[in-house]
Amino acid sequence: MPSWIEINGLQKSMDDFQLGPISLAIEPGTITALVGNNGSGKSTLLKLVMNLANADAGSIEVFGKPVDGKDESWKRKLAFQPQKIIGWDAYTGTTLKKMISSFYEKWDEALFERIVRLFDIPLDKRFGKLSEGMQQKLSLALALPRNTDVLILDEPTAFLDIPSKRYFMDLLIDWMEAEERAIIIASHQTDDLRKLADYLFVMREGKAIGHYEKETLLESYRRYWLDETPDGSVPGEVSRDRQRIVSADPAAAEHYFAVENIRIIDHAALDLEEIIDMLLK
Amino acid sequence: MLPIRLSKESREPIYHQIEKQLKALIAGGHLTAGTPLPSIRALSKDLEISVITIRRAYQDLEAQGFIETAHGKGTYVAEIKDVLKQEVKTASVSESFERAIETARSYDYSDEEMTAIFHAILEKRKKGE
């Protein structure tokens, strides 16, 4: 399948921060989560994709068009919800909807109204007067109905309460079902990652740590409870607490235990949170 | 929502666990022919598994004739032959026995001791009924 977004060798330096080199491809029909601590470069990467900042090196192509080229038709195929939206504060939801919906041919008014009702969003209040959670709800209500091919969300659930997060996920799932689409979501929320992500792109201090399919990542780690503490280091060993060992190479670790005559009392996969914590350390 | 339970402890790949449990639901008559299955994305969210893995399981099940995809209408349980149903049931029972035997072996039980336990359980169940 040809990728919709292709990032190759992307680099950008700002003050004392260096992003990249980053290479990443986004395929249709998938949800990719950008995972990393604060300051890992997720937001910068998203801004570069939206051509809101200039890269020092490398390239970004969206639907085959370089984002910094003359042809800007690709912009209609992407909807971007930044963490902090600049320039909306003075407008009410009703005004914002009028402005945005006129740009997008496929604007889905019924979906907009459904989201407004679902979250009970007051459309007559100025954006700047809304709580952070309500701002996120309104932003989503203004993003999804654009019916673009790609949706790019930067920490969209940070200020949502638990029931709203659940609605939010259902909305995204429904949105993905309708047509061949793709979502890129930068998120700290492990629930978003577990329920939504197909791929995880993990970043640390501007560098790409890895691009993983969710189950492949989960299956690549295993925790063992052993009947004795191994003398040497176990293949793929990432942590050890007496007889409890985590290995990032389960096949080799199990071979080692067999050769060393160490009995495995129990074993289990790790949680996604634990794996991410280890990758980000 | 489908009663699928994935095991973190198992070494069996996730797509295989999904396939096996769906087959068991179909062969056991819990999902009858024509029953619509959740979309790949919806099942992905419910099970917290990527669409890549769910798609793989659905493709395998379709290739083996358990499910059918009607373009634009989603995925349905297919009409399957009794022979195939029987095969799935036998495979599922065999697997449970295999696991029990593995546990017994890890405690160094002999075949005779295992058989004795097996018969004792059957006896107990008979009395219980």
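Residues numbered from 1 in each chain as written. Chains lettered and ligands numbered in written order. Predicted model: local features only at pLDDT ≥ 70, side-chain atom pairs only at ≥ 80, totals over all residues. Heavy atoms only, no water.

Caption draft 1: Region of the structure containing the overall build of chain A. Counting its secondary structure elements, chain A contains nine helices and 14 strands. Over its C-alpha atoms, taken along the principal directions, chain A stretches across nearly 70 × 40 × 40 Å. Considering only residue pairs separated by 6 or more positions, chain A has 66% of its internal contacts joining residues 24 or more positions apart. (Helix = DSSP H or I, 4+ residues; strand = E, 2+ residues; numbered from the N terminus. Contact = heavy atoms within 4.5 Å.)

Caption draft 2: Representation of unusual backbone geometry in the model. All names here are of chain A. Omega for the peptide link from Gly20 to Pro21 comes to 5°, which places this bond in the cis form. Inspection of the secondary structure puts Pro21 in strand S2 (residues 17-26). The phi angle at Asn147 is positive, at roughly 50°, despite the residue not being glycine. Here Asn147 shows up in the loop between helix H4 (132-143) and strand S7 (150-154). Classification of Asn147 by relative accessible area gives buried; the value is 12%. (Buried < 20%, exposed > 50% of the residue type's maximum accessible area, 1.4 Å probe, protein only.)

Caption draft 3: Spotlight on the sheet that holds strand S5 (residues 65-66) of chain A. Residues and elements named next belong to chain A. Overall, antiparallel pairing links the four strands, which are arranged S2-S1-S4-S5 in an open sheet. Across the chains shown, the open sheet's two edge strands, defined by having one partner strand only, are S2 and S5. Summarising the sheet, strand S1 (residues 5-14) and strand S4 (residues 57-62) pair through five bridges and their orientation is antiparallel. Its bridge partner being in S4, Asn8 is matched across the sheet by Ser59. (Pairing = 2+ DSSP bridges.)

Caption draft 4: Representation of the domain arrangement of chain B in the model. Residue and element names in this part refer to chain B. Under the domain assignment used here, chain B contains domain 1 (14-80) and domain 2 (83-128). Each of domain 1 and domain 2 was reduced to a C-alpha centroid, and the two centroids are 29 Å apart. Facing the nine residues of domain 1 at the interface are five residues of domain 2. Counting the surface lost from both domain 1 and domain 2, the interface buries some 560 Å², and carbon and sulfur atoms represent 74% of this. Three residues, Lys20, Ala27 and Ile80, lead the burial of domain 1 against domain 2; their summed loss comes to 64% of the area buried on that side. At the boundary of domain 1 with domain 2, the tally comes to one salt bridge. A salt bridge links Lys20 to Glu95, with the nearest nitrogen and oxygen atoms 2.8 Å apart. The interface formed by domain 1 and domain 2 contains one residue pair in polar contact (both at pLDDT 80 or more). When grouped by side-chain class, the residues that make up the side of domain 1 that touches domain 2 number five nonpolar, two polar and two charged. (Domains from an automatic or database assignment. Buried area = accessible area lost by both parts, 1.4 Å probe. Salt bridge = Lys/Arg side-chain N within 4 Å of Asp/Glu carboxyl O. Polar contact = N/O pair within 3.5 Å; in protein donor to acceptor, adjacent residues only side chain to side chain. Nonpolar A, V, L, I, M, F, W, Y, C, P; charged D, E, K, R; others polar.)

Caption draft 5: Spatial organisation of the packing of aromatic side chains. Residue and element names in this part refer to chain A. One pass over the structure, following the stated rule, counts seven aromatic pairs over all chains. With 5.1 Å between their ring centres and 40° between their planes, Trp4 and Phe63 make a pair best called tilted. Of this pair, Trp4 sits in the segment before S1 while Phe63 sits in the loop between S4 and S5, placing them 59 residues apart in sequence. Residue Trp4 is classed as buried on the basis of its relative accessible area of 14%. Taking 5.2 Å as the distance between ring centres and 70° as the angle between the ring planes, the aromatic pair formed by Tyr224 and Phe257 counts as edge-to-face. In this pair, Tyr224 is assigned in strand S11 (residues 222-226) and Phe257 in helix H8 (residues 250-259), connecting sequence segments 33 residues apart. (Phe/Tyr/Trp six-rings, centres within 6.5 Å; stacked < 30°, edge-to-face > 60°.)

Caption draft 6: Inspection of the nonpolar core at higher detail. All names here are of chain A. Of all hydrophobic cores here, the largest spans 52 residues; its most connected members are Leu144, Leu151, Phe168, Leu172, Ile183 and Leu200. Element by element, the count of residues in this core is highest for helix H5 (residues 162-178), at seven residues. The two domains that each donate at least three residues to this core are domain 1 (5-216) and domain 2 (221-280). Residue contacts for Ile183: discarding those within four places in its chain leaves Thr30, Ile31, Thr32, Leu151, Leu153, Leu172, Trp175 and Met176. Membership of the second largest hydrophobic core comes to 28 residues, among which are Leu24, Ile26, Val49 and Met50. (Core = buried A, V, L, I, M, F, W, Y, C linked by side-chain atoms within 4.5 Å.)

Caption draft 7: Looking closely at the environment of Gln243(A). All names here are of chain A. Within the secondary structure layout, Gln243 lies in the loop between strand S12 (237-241) and strand S13 (244-247). In the structure, Gln243 is positioned 241 residues away from Pro2 in sequence and 47 Å away in space, judged by C-alpha atoms. In this view, Gln243 contacts Tyr224, Trp225, Leu226, Asp227, Glu228 and Thr229; residues no more than four positions away in its chain are not counted.

Caption draft 8: Here's a closer look at the pairing of strand S2 (residues 74-77) of chain B. All names here are of chain B. Two strands pair when backbone bridges link them, and strand S1 (residues 67-70) and S2 are joined in this way by four bridges, in the antiparallel orientation. Across the sheet, residue Thr69 finds its bridge partner in S2, namely Thr75. Once S1 ends, the chain turns through three residues before running back antiparallel as S2, passing Gly72 with a positive phi of about 80°.

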